[in-house]
Amino acid sequence: MKEFVATKIPANFSIKKAHMIQLKLSKKIIRKDVLPRKIRYVAGVDIAYSRGFSIGAVAVLDFKSLLLKESKTAVCETRFPYIPTLLSFREIPAAVFAIRKLELEPDVFLIDGQGIMHPYRFGFASHLGLVISKPTIGVAKSPLCGEVQAFSGHDWAPILDKEEVIGAAVVTKEGRKPVYVSIGNMISLETAIAIVKHCTKANRLPEPSKQAHNIATREKRKVQNMLLHKEGLEGDS
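In this text the structure is predicted, and so the values were computed from the model without any measurement.

Draft legend 1. Structural detail: the overall build of the protein chain. Each helix and strand in the protein chain was counted, giving five helices and nine strands. In the protein chain, the succession of helices and strands from N to C terminus is α-β-β-β-α-β-α-β-β-β-β-β-α-α. Along the longest, intermediate and shortest principal axes, the C-alpha atoms of the protein chain span 65 × 45 × 35 Å. Per-residue burial over the protein chain gives 50% buried out of 237 residues. When contacts within the protein chain are restricted to residue pairs at least 6 apart in sequence, those whose partners lie at least 24 apart make up 67%. Carbon and sulfur atoms form 53% of the exposed surface of the protein chain, whose accessible area is close to 12400 Å².

The following block contains the structure:
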């Protein structure tokens, strides 16, 4: 079985032009709350990779109880290589395919990645939020740019880049490293922080993000086993 792995920049693709597109689209991001009065469902989105395939996972939780209500996955060929600052071009297809399978309609999505906390103010969470026209929040394990300011006795600290607040370092569990929260689309930073804190239970990561990660990991194992099985059958023929 010939393995497809996207390692080269697609023909006629310009990194410079892609960055210009990101800057242009970043102007379309809505940095204020466009949410229902009462949030009913919150979703987590995560992407895993295995041997040339992208695995998108979305987990929908009841906002009040944080119990899992629905989950979907989607697997597609990875058509775009790993390029720092352009990860959304690689991750969008699998995420959108998984989200389109949902029967429930989440009010807000927590995305494993950056929102406007990005050199071109258009990370995965912002890109996805614009594509699906839904409120999105970037929840990352490390900052991509900017400088974390002093916590000043609070459980979160602003992150500044060129004097602009682009996100926040949020301590969700005492004694643990913070998570890095940013506006994706259709939400304010203050509300994004409040939602992330509400959704955090026993772990550092909010529950929707943890559930989506676990689902993506399980689906990744299935894909790996399927490919190994197929290779075994081809080897016997």
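Draft legend 2. Spatial organisation of the nonpolar core. Leu-110, Ile-137, Val-181 and Ile-195 are the most contacted members of the largest nonpolar core, which has 35 residues in total. Apart from the residues lying within four places of it in its own chain, the contact partners of Ile-195 are Leu-35, Ile-39, Phe-63, Val-108, Leu-110, Ile-137 and Ile-187.

Draft legend 3. Here's a closer look at the packing of helix H2 (residues 87-100) against helix H3 (residues 124-132). In the contact formed by H2 and H3, the axes pass within 10 Å of each other and the chain directions differ by 45°. The angle between H2 and H3 places the two elements in the oblique class. The element H2 and its partner H3 pack so that their crossing is right-handed. Residue-level contacts link Ser-88, Phe-89, Glu-91, Ile-92, Ala-95, Val-96 and Ile-99 of H2 to Phe-124, His-127, Leu-128, Val-131 and Ile-132 of H3.

Draft legend 4. Spatial organisation of the pattern of salt bridges. Within the structure shown, the criterion is met by nine salt bridges. We note a salt bridge from Glu-105 to Lys-134, for which the minimum N-O separation is 2.6 Å. Linking Glu-105 in the loop between H2 and strand S4 (108-112) with Lys-134 in the loop between H3 and strand S5 (136-140), this pair joins segments that are 29 residues apart in sequence. On the accessibility criterion, Glu-105 (53% relative accessible area) is exposed. In this structure, the salt-bridge partner of Asp-161 is Arg-121, at a minimum N-O distance of 2.9 Å. Highlighted residues: Asp-161 in strand S7 (residues 156-161) and Arg-121 in the loop between S4 and H3, separated in sequence by 40 residues. For Asp-161, a relative accessible area of 17% puts it in the buried group. Through salt bridges with shared partners, one network takes in Arg-31, Arg-121, Asp-161 and Glu-164.

Draft legend 5. Inspection of the pairing of strand S3 (residues 68-77) at higher detail. Pairing analysis gives nine bridges linking strand S2 (residues 53-62) to S3, with the strands arranged antiparallel. What sits directly across from Gly-56, in S3, is Ala-74. Between S2 and the antiparallel strand that follows it, S3, lie five residues; Leu-66 among them carries a positive phi value of about 60°.

Draft legend 6. Inspection of the packing of aromatic side chains at higher detail. Taken as a whole and assessed by the stated rule, the structure comprises three aromatic pairs. Summarising the aromatic geometry, the rings of Phe-13 and Phe-80 are spaced 5.0 Å apart at their centres and angled 75° between planes, so their arrangement reads as edge-to-face. Here Phe-13 is found in the segment before helix H1 (15-26), whereas its partner Phe-80 is found in the loop between S3 and H2, with 67 residues between them in sequence. A relative accessible area of 8% places Phe-80 in the buried class. Measuring from ring centre to ring centre gives 6.0 Å for Phe-13 and Phe-89, while their planes differ by 75°; the resulting arrangement is edge-to-face. Here Phe-89 lies in helix H2 and Phe-13 lies in the segment before H1, a separation of 76 residues in the sequence. What links up through ring pairs into an aromatic cluster is the set Phe-13, Phe-80 and Phe-89.

Draft legend 7. Local environment of the pairing of strand S9 (residues 179-185). With seven of its seven residues buried, S9 lies for the most part within the structure. Note: S5 against S9, five bridges, orientation antiparallel. Paired with Ile-137 across the bridge in S9 is Ile-183. Across three bridges, the pairing between strand S8 (residues 164-170) and S9 is antiparallel. Bridged to Ala-169 within S9 is Tyr-180.

Thresholds, definitions, all that
Sequence positions are assigned chain by chain, starting from 1 and proceeding in written order. A pLDDT threshold of at least 70 governs which residues receive local features in this predicted model, and a stricter bar of 80 or more applies before side-chain atom pairs are shown or counted, although totals over entire chains, interfaces and linings include all residues. Note that the side-chain values use all heavy atoms of the structure and ignore hydrogens as well as water. Working definition: helices are DSSP H or I runs of at least four residues, strands are E runs of at least two. Numbering for both runs from the N terminus. Each residue's exposure class comes from its accessible area (1.4 Å probe, protein chains only) as a fraction of the maximum for that residue type: buried when under 20%, exposed when over 50%, partly exposed otherwise. Every residue pair with non-hydrogen atoms within 4.5 Å of one another is taken to be in contact. In short, Shrake-Rupley with a 1.4 Å probe defines the accessible areas, and a residue's cover is counted only from the protein chains shown. Put simply, buried Ala, Val, Leu, Ile, Met, Phe, Trp, Tyr and Cys residues joined by side-chain atoms within 4.5 Å make one nonpolar core. Convention adopted: a line fitted to C-alpha atoms gives each axis, helices being fitted over their contacting stretch, and angles between N-to-C directions are expressed from 0 to 180 degrees. If an angle is under 35 degrees, it is roughly parallel; if it is over 145, roughly antiparallel; if it lies from 65 to 115, roughly perpendicular; otherwise it is oblique. Definitions for this section: a left-handed crossing has its near helix turned counterclockwise from the far helix by less than a right angle. A right-handed crossing has that turn clockwise. A carboxyl oxygen of Asp or Glu within 4 Å of a side-chain nitrogen of Lys or Arg is what we treat as a salt bridge. The pairing criterion is simple: DSSP has to find at least two bridges between the two strands. We call Phe, Tyr and Trp rings a pair once their centres come within 6.5 Å, taking the six-membered ring for Trp, and we label the pair stacked below 30 degrees between planes, edge-to-face above 60, and tilted otherwise.

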